[in-house]
Amino acid sequence: MELEGEIKLLTGNEIIVMGARSAGAEAFYGYPITPTTEILTGWAKEAIKDKRLIFLQTEDEPAAGFGVIGSALGGKKAWAATAGVGHILMQDPLVVAEALRIPFVIYIGQRGGPSTGTVIYSQQELNLARLGGNGESTRLVLAPGNLQELFDFTIKAFDWAWRYRLPVILLGDGYLSKMTGIVDTTKPGKVHAAKPILQSGGAPVNLRNCYSLEDELAENLNKNLIDFAKISKEVEESEQIKCNDAKIVIFAWGTVAEAAKEAVKILRESGTKVGLFRPITLRPFGAASAKQAVRGASQILICESSFGQFGRLVTESLFGITGVKIERLYRPGEGIIAEEIVAKVQEII
Amino acid sequence: MSVPIMPKCYKKSSKPSNFCSGCGHSLALKSLGFVIDDLGISKKTVFATDIGCSLLAWNFFDIDTIQSHHGRAGCISVGLKRAMPKSIVVAYMGDGGGYSIGLHHLIHMAKRNEAVTVILVNNTVFAMTGGQSAPTTIAGENTESTPDGAYTDDQPIFGPELLRKVASKKAFLARTSVSDMAQLKNYLKRAIENQVRNNAFSFVEVLSWCPVNWKKNASECEEYLLDLKKIYKTGVISDES
């Protein structure tokens, strides 16, 4: 990219805070946890500079998530960030946001699990992010793969949260959070306006998520599921790289997809017909696009830093496709570099 | 025959309410309703209910409400008040949500002097789930999970006294009971006024009865509540206590 003016090297966590500011975020609630702590401390510094901003370091993650819900009910663009075991606790407020259709933005910096695990990297929070609630998990999950996307998708997350009144999860990892690079912050996307859900001046609003009768709950669930299907069509997004003539299509997302992009480049230079399908939204997942991406392929290679969490999603999406062999490069809790993907492709070809 | 006077802020379509006959919640809520009427704040009040029996109040009033669980009504109140400092935020919960699974939320709200009012109804049991022991269950009390009343050396949680240790001097902390309606109303009013005037945390524990889980009739409930008041002293919990 062409660079003008002041150039700063920024970390992923700093970029997320900038993205949130560009999106008009007004309130952050959080609890320190590696690798997302600098988002909390970054926002704390922002709140010193701009007295209109709300910041609270809470006693735990549920308090942060329910603080987000409270401020969103009051019409503020509110958000949080967490990881790993904090992500587990954060499912509690996330499902409330699903049930009551409360805008909720959260960045998850995946770390290795189960439990405390490692502090920087994995893709093992995919299931939790996509389907972690008790219910039908009507939430949107975005998967940034690089720093520019981290900025752009943060803004997109706030837009979607308020446009659709849903929780939106930005599913990153510690590599993304901690790496530095150059990002264009001059063209932030438009963001849907926030307005109070309670105290809006109209008739009193009674929000509840407790039902005595199955039919009462079902009525609300079905309404939300119909909405979610409609919204899914609008937001579903994926990227295909050189899939047109590919005999092998790699499936990867997030940081691993960046390595896969590099692998495709290397392999294409040596004439290997390889492509990449990379979901940008992990929920909804573009099953039709995935099927389309493998139309000429005889093999697919699923690459992930987890043990089949992504693979199950991919194979379920490709149900009905025949004559395509499935290969796997599963590295639960470990990073995957381009050279490993290249070697795996050369092995299976 | 005169018709009993009901608070104007009641949502009439939700009456009769879903609370069991003789439940103390109805008395606590009625007092709160009169306070909201007296202060003329129904339009600018948000009422956050919690899990257990307190959630039955989700549509009790014709005011904005939000319902959650596990003491998170307090956390939502924090987020609401910070977003809308001019609104009056009242969280309403039981002793299970507030003193067991959500106790740390209360402690930290008091510690940070969050400018919200919390009303906690203490009937010494987990009532909605069928009468298990609560952090407030007293020694020798028979509950579904302490069937022989063998409640060894567990000490009950004394909420307002506990919060006093961490709360700001501006905080209003008190315990009252559904057997003293004048004091109940007075304390609820002061708790809300303290939020508005002093921008400070307020907490009122309301000792209450649960005829169903206590397996007691009205007069037995009154009698038992009097016994409880010997353990749970009512009054304003001052800095000096």
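Here, the structure is the one placed above.
Residues numbered from 1 in each chain as written. Chains lettered and ligands numbered in written order. Predicted model: local features only at pLDDT ≥ 70, side-chain atom pairs only at ≥ 80, totals over all residues. Heavy atoms only, no water.

*Asks:* Help me out: how do you make sense of the overall build of chain A in this one?
*Replies:* Scanning chain A from N- to C-terminus turns up twelve helices and 15 strands. Relative to the globule expectation of 20 Å for 349 residues, the C-alpha radius of gyration of chain A, 20 Å, shows essentially globular dimensions. For chain A, buried positions account for 56% of its 349 residues. The long-range fraction of contacts in chain A, counting pairs at least 24 apart against all pairs at least 6 apart in sequence, stands at 80%. If you sum the accessible surface of chain A, you get close to 14,300 Å²; carbon and sulfur atoms cover 53% of it. The distance from the centre of the 38 positive side-chain charges to the centre of the 40 negative ones in chain A is 4 Å. (Helix = DSSP H or I, 4+ residues; strand = E, 2+ residues; numbered from the N terminus. Rg over C-alpha atoms; globule rule 2.2 N^0.38 Å. Buried < 20%, exposed > 50% of the residue type's maximum accessible area, 1.4 Å probe, protein only. Contact = heavy atoms within 4.5 Å. Areas by Shrake-Rupley, 256 points an atom, 1.4 Å probe, with all protein chains shown as cover. Lys, Arg positive; Asp, Glu negative; His and termini not counted. Charge placed at Lys NZ, Arg CZ, Asp CG, Glu CD.)

*Asks:* Sorry, what's going on with the sheet that holds strand E12 (residues 274–279) of chain A here?
*Replies:* Two modes of strand pairing occur in sheets, parallel and antiparallel, and in both the strands are linked by backbone hydrogen bonds. Residues and elements named next belong to chain A. Taken together, the five strands give an open sheet; going across it, the order is E10-E12-E11-E14-E15, and neighbouring strands pair in mixed fashion. If you trace the sheet from one side to the other, it starts and ends with strand E10 (238–241) and strand E15 (325–330), each paired once. Between one strand axis and the next, the sheet turns by 20° as a mean value, whatever way the strands run. Pairing geometry for E10 and E12, over four bridges, is antiparallel. Its bridge partner lying in E12, Glu239 is registered against Arg278. Where helix H9 (residues 254–269) meets the sheet, it contacts E10, strand E11 (248–251), E12 and strand E14 (299–304), and its direction lies at approximately 165° from that of E12. Here helix H12 (residues 338–348) sits on the sheet and contacts E11, E14 and E15; the angle it forms with E14, its principal contact strand, is near 150°. (Pairing = 2+ DSSP bridges. Axes fitted to C-alpha atoms, helices over the stretch in contact; angles between N-to-C directions.)

*Asks:* Looking at this model, I keep getting lost on unusual backbone geometry. Mind explaining?
*Replies:* Trans is the prevailing form of peptide bonds, just as negative phi is the prevailing case for residues other than glycine. The residue after A:Gly113, namely A:Pro114, is reached through a cis peptide bond having omega 10°. Tracing the chain through its elements places A:Pro114 in the loop between strand E5 (104–110) and helix H5 (126–131). Here the residue pair B:Lys15 and B:Pro16 is connected by a cis peptide bond, since its omega of 0° sits within 30 degrees of zero. Residue position: B:Pro16 is located in the segment before helix H1 (24–39). The backbone of A:Arg165 shows a phi angle near 50°, a positive value even though the residue is not glycine. Its identity as a non-glycine residue notwithstanding, B:Asn199 has a phi of 50°, on the positive side. Examined against the element boundaries, B:Asn199 turns out to sit in the loop between helix H6 (181–198) and strand E8 (202–207).

*Asks:* I keep staring at the pairing of E15(A) and nothing clicks. Help me out?
*Replies:* Every other side chain in a regular strand lies on the same face of the sheet, so the side chains alternate between the two faces. All names here are of chain A. Examined bridge by bridge, E14 and E15 share six bridges and lie parallel to one another. Its bridge partner lying in E15, Leu301 is registered against Glu327. With helix H11 (residues 309–317) bridging E14 and the parallel E15, this β-α-β connection has right-handed handedness. (Right-handed = clockwise from strand over helix to strand, strands pointing away.)

*Asks:* Which parts of the structure should I look at to understand the nonpolar core?
*Replies:* Formed by 118 residues in total, the largest nonpolar core has its most connected members in A:Leu73, A:Trp79, A:Phe251, A:Phe310, B:Ile66 and B:Phe201. Looking at this core element by element, the count peaks at eleven residues for helix H6 (residues 147–164) of chain A. Apart from residues lying up to four places away in sequence, B:Ile66 is in contact with A:Leu73, A:Leu100, A:Leu198, A:Leu207, B:Val46, B:Phe47, B:Ala48, B:Thr49, B:Ile76 and B:Leu80. Listed in part, the 47 residues of the second largest apolar core include A:Cys210, B:Cys9, B:Ile41 and B:Ile119. (Core = buried A, V, L, I, M, F, W, Y, C linked by side-chain atoms within 4.5 Å.)

*Asks:* What should I look at first to understand the pairing of strand E7 (residues 167–173) of chain A in this one?
*Replies:* Residues and elements named next belong to chain A. Within E7, seven of the seven residues are buried, which leaves it mostly tucked inside the rest of the structure. Of the two faces of E7, the one lined by Pro167, Ile169, Leu171 and Asp173 and the one lined by Val168, Leu170 and Gly172 are each fully buried. Relative to E7, strand E6 (residues 140–142) runs parallel, the two sharing three bridges. By the bridge assignment, Leu142 is partnered in E7 with Leu170. Chirality of the crossover, the property in question, places the unit of E6, H6 and E7 among those that are right-handed.

*Asks:* What should I look at first to understand the sheet that holds strand E2 (residues 27–30) of chain A in this one?
*Replies:* Residues and elements named next belong to chain A. Strand order in the open sheet made by the seven strands is E3-E2-E4-E5-E7-E6-E13, with mixed pairing throughout. Edge positions in the sheet fall to strand E3 (54–57) and strand E13 (281–283), since each has one partner strand and no second. Pairs of neighbouring strands in the sheet enclose a mean axial angle of 20°, with direction left out of account. Here strand E4 (residues 78–82) pairs with E5 via four bridges, running parallel. Paired with Ala80 across the two strands is Ile106, which belongs to E5.

*Asks:* What exactly am I supposed to notice about the pattern of salt bridges here?
*Replies:* Pairing between side chains of opposite charge can happen when their charged atoms approach one another. Residues and elements named next belong to chain A. A full pass over the atoms with the stated rule returns 31 salt bridges over all chains. A salt bridge links Glu216 to Arg208, with the nearest nitrogen and oxygen atoms 3.3 Å apart. Lys261 is paired through a salt bridge with Glu258; the nearest N and O atoms lie 3.2 Å apart. Of this pair, Lys261 and Glu258 both sit in helix H9, three residues apart, roughly one helical turn. What makes Glu258 partly exposed here is its relative accessible area of 26%. One salt-bridge network, in which partners are shared between bridges, spans Arg21, Glu46, Lys49, Asp50 and Arg52. (Salt bridge = Lys/Arg side-chain N within 4 Å of Asp/Glu carboxyl O.)

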